[in-house]
Amino acid sequence: MAKRKNNAQAAETTGATVGYEAQLWQMADALRGSMDAAEYKHVVLGLIFLKYISDAFEEQHAKLVAEQAQGADPEDPDEYRAENIFWVPPEARWAHLKAQAKQPTIGQLVDDAMAAIERDNPALQGVLPKDYARPALDKSRLGQLIDLISNIRVGDEASRAKDVLGRVYEYFLSQFASAEGKKGGEFYTPRCVVKLLVEMLRPYRGRVYDPCCGSAGMFVQSVEFIRAHASGNGNGGRARADISIYGQESNYTTWRLAKMNLAIRGIEGQIAHGDTFHNDRFPDLKADFILANPPFNMKKWGGERLRDDKRWKYGVPPAGNANFAWVQHIIHHLAPAGVAGFVLANGSMSSNQSGEGEIRKNIIEADLVDCMVALPGQLFYSTQIPACLWFLARDRRGGSPTRPMRDRRGQILFIDARKLGRMVDRTHRELTDEDIAKIANTYHAWRGEKDAGEYADVPGFCKSATLEEVRKHGYVLTPGRYVGAAEQEEDDEPFDQKMQRLVAQLREQQAEARRLDEAIWRNLKELGYDA
């Protein structure tokens with residue numbers, strides 16, 4: 001239990017907290033008992049989602065009760081749907097469940113509530129968890145969890161304005177990813193990495209696509225970005241998110257998480273379930289922005305059955321590694337002026353195995369690579385494999401609506417961010433807002449965007465390299481090869497003077513060491529251990 005507590009306390013320092021999420025997590029986690037985190041995740045998040053829609057419903061219900069004299073009907077589902085609020089039938093309302101929380105039948109009651117909500121709200125069909133009645137779930141703990149969640153308001157207007165549920169949901173997702181380790185991290189991209197991708201691509205308007213969307217973090221951050229910049233010039237001062245969302249996820253339970261994650265924020269999107277490679281649910285989509293964190297070095301992706309696929313324009317990806325299948329799938333779905341940012345393992349920048357080097361060469365020669373970012377280690381819950389960010393662009397001439405920039409054809413920006421970030425616990429690092437701003441602003445300045453300032457190479461951090469330079473490096477895209485070493489401060493102290501200072505410093509340190517040794521022996525003698 002101590003280990004879980006430390007994780008929660010450490011995570012309080014991250015950007016995802018508003019004050020009580022860590023305390024709420026500790027209490028909820030204490031009720032988990034021996035249940036596996038992967039199972040418990042859906043128990044907790046399903047209940048929090050139910051509390052959210054019930055809070056919103058009850059607030060609207062109270063308003064309608066007060067307006068009955070004017071003809072309002074509190075039990076008319078259309079009165080709620082007109083306000084974009086989910087209709088909650090009587091058997092699914094939180095007050096009913098709370099009143100029955102101590103009963104041994106509470107598991108079945110929660111399952112019935114979830115089924116009733118899906119029945120009356122087609123947008124949630126097949127999304128909500130409905131396995132609370134299973135014998136393995138301790139009904140006493142379930143009742144305690146319902147009592148705990150009853151104490152937080154997450155769906156009323158005031159809470160929605162502060163995105164209380166969004167923050168709790170994000171925090172819990174990250175904590176479950178940490179608790180589950182590699183398995184849990186597969187569906188969760190750390191918030192700071194998503195934020196960096198979004199800040200660099202700036203998806204203000206158009207079609208946004210994630211072919212392996214996990215729990216939908218890319219979409220949530222995209223909409224949050226637009227809302228945060230609503231008064232700026234980038235989107236004309238419009239607060240409305242003028243984007244269309246398309247995503248696909250192969251894992252069914254994770255797909256359900258994504259649907260709930262968007263629903264709690266009122267974000268509409270087409271999120272499909274299925275294998276992206278073998279059952280592309282958006283075959284004709286050409287996206288303006290693509291953001292993704294594909295599984296690293298995916299071995300069993302069925303590549304041997306797709307040897308002649310039309311997406312492999314730059315070379316057939318190896319059957320034993322899906323990295324360049326993802327890259328080419330992304331390129332295939334880019335609009336004529338589209339841009340993409342995605343995470344891959346570092347090996348993608350230099351590997352020459354099984355034809356990967358030739359595919360990378362062809363993509364580079366097609367002038368699609370815009371920017372490469374080397375990330376610091378220990379950012380991900382799912383793997384310790386070092387990772388990087390790829391940024392691709394169809395049209396690098398500049399001047400398009402999505403690319404208001406100077407002509408960067410024949411050039412690639414390399415950013416080495418491996419020294420950035422801070423440790424938030426013993427095993428995980430995160431990029432700070434300052435780190436994200438430093439990387440994103442460098443990219444925007446290089447692109448020549450308005451108000452981004454002038455770009456300049458910074459030794460050890462960033463370098464604008466020509467295609468000819470990349471050819472000389474054998475089409476390896478590792479930023480460290482290009483940015484060089486950071487400039488060292490000039491040392492103008494004369495050698496003799498420096499040696500005298502260092503020798504004097506050494507004598508002082510030796511004297512201090514002798515003094516400490518004597519003090520230790522005196523203490524040992526007083527304790528009777530001077531033999």
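Residues numbered from 1 in each chain as written. Predicted model: local features only at pLDDT ≥ 70, side-chain atom pairs only at ≥ 80, totals over all residues. Heavy atoms only, no water.

**Quick notes on the overall build of the chain**
A tally of regular secondary structure across the chain gives 19 helices and 11 strands. Out of the 531 residues in the chain, the part that is buried amounts to 52%. Taking as baseline every contact in the chain between residues at least 6 positions apart, the subset at least 24 positions apart corresponds to 72%. Of the roughly 24700 Å² that the chain leaves accessible, carbon and sulfur atoms contribute 49%. (Helix = DSSP H or I, 4+ residues; strand = E, 2+ residues; numbered from the N terminus. Buried < 20%, exposed > 50% of the residue type's maximum accessible area, 1.4 Å probe, protein only. Contact = heavy atoms within 4.5 Å. Areas by Shrake-Rupley, 256 points an atom, 1.4 Å probe, with all protein chains shown as cover.)

**Notes on the packing of aromatic side chains**
Enumeration according to the criterion identifies 15 aromatic pairs in this entry. Their ring planes at 80° and their centres at 6.0 Å tell us that Trp-301 and Trp-312 sit as a pair that is edge-to-face. In this pair, Trp-301 is assigned in the loop between β4 (287-292) and α14 (323-332) and Trp-312 in the loop between β4 and α14, connecting sequence segments 11 residues apart. Of the two residues, Trp-301 and Trp-312, neither departs from the other in class, the shared state being buried. Here the guanidinium or amino end of Lys-438 rests over the ring plane of Phe-461, the centre of that ring lying 4.4 Å away. (Phe/Tyr/Trp six-rings, centres within 6.5 Å; stacked < 30°, edge-to-face > 60°. Lys NZ or Arg CZ within 6 Å of the ring centre and 35° of its normal.)

**Thoughts on α14**
Counted residue by residue, α14 has 10 buried out of 10 residues, so it is predominantly covered. For α14, the set of buried residues is Asn-323, Phe-324, Ala-325, Trp-326, Val-327, Gln-328, His-329, Ile-330, Ile-331 and His-332.

**Some words on the packing of helix α2 (residues 21-30) against helix α7 (residues 139-150)**
Between α2 and α7, the shortest axis-to-axis distance is 10 Å and the interhelical angle comes to 165°. The angle between the axes of α2 and α7 places the two elements in the roughly antiparallel class. As for the relative orientation of α2 and α7, their crossing is right-handed in sense. Together, Leu-24, Met-27, Ala-28 and Ala-30 of α2 and Arg-141, Leu-145 and Leu-148 of α7 make up the contact between the two elements. (Axes fitted to C-alpha atoms, helices over the stretch in contact; angles between N-to-C directions. Parallel < 35°, antiparallel > 145°, perpendicular 65-115°, else oblique. Left-handed = near helix turned anticlockwise from the far one by under 90°.)

**Things to note about the pattern of salt bridges**
Within this structure, the stated rule accounts for 26 salt bridges. Asp-78 is the salt-bridge partner of Arg-81, the closest N and O atoms lying 3.6 Å from each other. Of this pair, Arg-81 and Asp-78 both sit in helix α4 (residues 77-81), three residues apart, which is roughly one turn of that helix. For Arg-81, a relative accessible area of 38% puts it in the partly exposed group. (Salt bridge = Lys/Arg side-chain N within 4 Å of Asp/Glu carboxyl O.)

**Observations concerning the sheet that holds strand β8 (residues 411-416)**
Spatial strand order, β3-β2-β1-β4-β5-β7-β6-β8-β11: nine strands in an open sheet with mixed pairing. At either margin of the open sheet sits one strand with a lone partner, and together these are β3 (270-273) and β11 (462-466). Ignoring which end each strand starts from, the neighbouring axes of this sheet average 15° apart. In this structure, strand β1 (residues 205-210) lies alongside strand β2 (residues 242-249), joined through six bridges in parallel fashion. By the bridge assignment, Gly-206 is partnered in β2 with Ile-243. Running over the sheet, helix α13 (residues 252-263) touches β2 and β3 and is turned about 170° from β3. (Pairing = 2+ DSSP bridges.)

**Re the nonpolar core**
It is characteristic of soluble globular proteins that their nonpolar side chains tend to be buried jointly. The biggest cluster of nonpolar side chains holds 109 residues, and the ones touching the most others in it are Leu-145, Phe-172 and Val-373. Ranked by the residues each element gives to this core, the list is headed by helix α3 (residues 37-66), at 14 residues. When near neighbours in sequence (up to four residues on either side) are disregarded, Phe-172 contacts Glu-21, Leu-24, Trp-25, Ala-28, Val-44, Leu-45 and Ile-48. Membership of the second largest hydrophobic core comes to 44 residues, among which are Phe-282, Ala-322, Phe-324 and Leu-392. (Core = buried A, V, L, I, M, F, W, Y, C linked by side-chain atoms within 4.5 Å.)

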